[in-house]
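Take a look at the letters that make up each chain.
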Amino acid sequence: MTRGVFITGTDTEIGKTIIAGGLAASLKQAGTHVGVMKPISSGDTTDAQFLKHAAQVDDALTVINPLCLRYPLAPSVSARLEGREIDMSTVATAFAHLKQKYNFLVVEGVGGIAVPLHGDFLVAHLISQLQLPLLIVARAGLGTLNHTLLTVAFARQFNLQIAGIILNRMQPETAGLAEQTNPAEIERLTQVPVLGVVPFEERLNTPNPDVTFLAALLNRHVAWRKAEKLFL
Ligand SMILES: Nc1ncnc2c1ncn2[C@@H]1O[C@H](COP(=O)(O)OP(=O)(O)OP(=O)(O)O)[C@@H](O)[C@H]1O
Ligand SMILES: [Mg+2]
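Since the structure is predicted, the reported quantities are computational estimates derived from the model, not experimental observations. (Residues numbered from 1 in each chain as written. Chains lettered and ligands numbered in written order. Predicted model: local features only at pLDDT ≥ 70, side-chain atom pairs only at ≥ 80, totals over all residues. Heavy atoms only, no water.)

Some details on the packing of helix H1 (residues 16-29) against helix H9 (residues 211-221)
Point 1. Packing of H1 against H9 leaves a shortest axis separation of 8 Å and a crossing angle of 90°. By the angle class used here, H1 and H9 are roughly perpendicular. Every residue of H9 that contacts H1 at Ile18, Ile19, Gly21, Gly22, Leu23, Ala25, Ser26 and Gln29 is listed here: Val211, Thr212, Leu214, Ala215, Leu218 and Asn219. (Axes fitted to C-alpha atoms, helices over the stretch in contact; angles between N-to-C directions. Helix = DSSP H or I, 4+ residues; strand = E, 2+ residues; numbered from the N terminus. Parallel < 35°, antiparallel > 145°, perpendicular 65-115°, else oblique. Contact = heavy atoms within 4.5 Å.)

Re the packing of aromatic side chains
Point 1. All told, the structure shown has one aromatic pair when counted by the stated rule.
Point 2. Between the aromatic rings of Phe154 and Phe158, the centroid separation amounts to 5.1 Å while the plane-to-plane angle is 45°, which identifies the pairing as tilted.
Point 3. Positioned over the ring face of Phe213 is Arg203, at 3.9 Å from the centre of the ring. (Phe/Tyr/Trp six-rings, centres within 6.5 Å; stacked < 30°, edge-to-face > 60°. Lys NZ or Arg CZ within 6 Å of the ring centre and 35° of its normal.)

As for the coordination of the magnesium ion (ligand 2)
Geometry sets the ideal angles at a metal, namely 109.5 degrees for four tetrahedral donors and 90 or 180 degrees for six octahedral donors.
Point 1. For the magnesium ion (ligand 2), the full set of protein donor atoms is Thr17 (OG1), Asp47 (OD) and Glu108 (OE), at a range of 2.0 to 2.2 Å.
Point 2. Classification of Thr17 as buried rests on a relative accessible area of 16%.
Point 3. Taking relative accessible area as the criterion, Asp47 reaches 23% and is therefore assigned partly exposed. (Donors = N, O, S within 2.8 Å, 3.2 Å for Na, K, Ca; no water. Buried < 20%, exposed > 50% of the residue type's maximum accessible area, 1.4 Å probe, protein only.)

A look at the site of ligand 1
Point 1. Residues in close proximity to ligand 1 total 19 residues, the closest being Thr12, Lys16, Thr17, Asn168 and Leu204.
Point 2. Within the contact set of ligand 1, an oxygen atom lies 2.4 Å away from a backbone nitrogen or oxygen of Leu204.
Point 3. Contact with the protein chains removes 86% of the 630 Å² of surface that ligand 1 exposes when unbound.
Point 4. Judged by the proximity of its atoms to the pocket grid, ligand 1 belongs to the largest pocket. (Near = heavy atom within 4 Å. Polar contact = N/O pair within 3.5 Å; in protein donor to acceptor, adjacent residues only side chain to side chain. Areas by Shrake-Rupley, 256 points an atom, 1.4 Å probe, with all protein chains shown as cover. 1 Å grid on protein atoms, 1.4 Å probe; cavity = no way out; pocket = protein on both sides within 12 Å on 5 of 7 lines; lining within 4 Å. Sits in = over half its atoms within 2 Å of the grid points.)

Focus: the pattern of salt bridges
Point 1. For the structure shown, the criterion picks out nine salt bridges.
Point 2. Arg139 serves as the salt-bridge partner of Asp11, at 3.5 Å between the closest nitrogen and oxygen. A residue pair is termed long-range when its members are at least 10 positions apart, and Asp11 in the loop between strand S1 (3-9) and H1 and Arg139 in strand S8 (residues 134-139) qualify at 128 residues.
Point 3. Residue classification places Asp11 among the partly exposed positions, given a relative accessible area of 31%.
Point 4. We note a salt bridge from Arg169 to Glu179, for which the minimum N-O separation is 2.6 Å. Highlighted residues: Arg169 in the loop between strand S9 (162-168) and helix H8 (177-190) and Glu179 in helix H8, separated in sequence by 10 residues.
Point 5. For Glu179, a relative accessible area of 18% gives the class buried. (Salt bridge = Lys/Arg side-chain N within 4 Å of Asp/Glu carboxyl O.)

Quick look at the layout of surface pockets
Point 1. There is about 1000 Å³ of room inside the largest pocket.
Point 2. Lining the largest pocket we find 36 residues, and of these Glu13, Ile14, Gly15, Thr17 and Asp47 sit closest to its centre.
Point 3. Elements with a contribution of two residues or more to the lining of the largest pocket: H1, strand S3 (40-42), helix H2 (46-55) and strand S5 (104-112).
Point 4. When residues of the lining of the largest pocket are assigned to their parent elements, the largest contribution, four residues, is made by H2. (Points joined across faces, edges and corners; volume = space filled by probe spheres on them.)

Structure follows, in structure tokens:
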């Protein structure tokens, strides 16, 4: 059976692509036949290109990223402005193909879990259809308790399985009290394992970070094995 993970975030620009690419590269290095997917993108295909590069796969971008909307907006809004209907069957077809081909799929969401894709259909509905466990990427500092608890509660409303939470430091400042206390407080309140805190790293703060460096950094700071539902 193909395993996999759906990587969502508490926000846009939170580090989903960094974590997804790093995980794919790390699995690849460990000998796993891993595929990647960014089912829906808004604005451009750069996330899909980075994931493809990280996993070193030869799938066409149109399979990795079957739906690319023109504007960097929520997909439902971009589609409306484009006068375009979003056809989710293209996502289902590409996902089925990749699922058959690989042993593990790393799938990156778009924005957060409540982002509308078309009509009332949200990212959470897509995750439910794909039947993948969730990994939630959240910022490390102040404000993350609120965003993370909201995301976990919303995921639970949809009966989604949450494999873990990763906190990502998006700012170069030294960690404050909030960052030191957030992991334990999130675990206490959600009963979901916090797999690690990824430091801010200048070498990641670029559109195409070195994937070997990225995988090594994640392996150092993320206890993947804590996500029992994913890898055991
Ligand atoms: N730990 C980090 N240290 C330094 N820079 C980082 C870190 N994590 C992410 N970044 C940078 O922050 C930016 C946003 O990260 P990323 O693209 O992974 O976010 P995202 O959640 O995938 O965004 P989107 O919602 O657009 O898909 C990128 O330029 C990335 O290289
Ligand atoms: Mg991204």
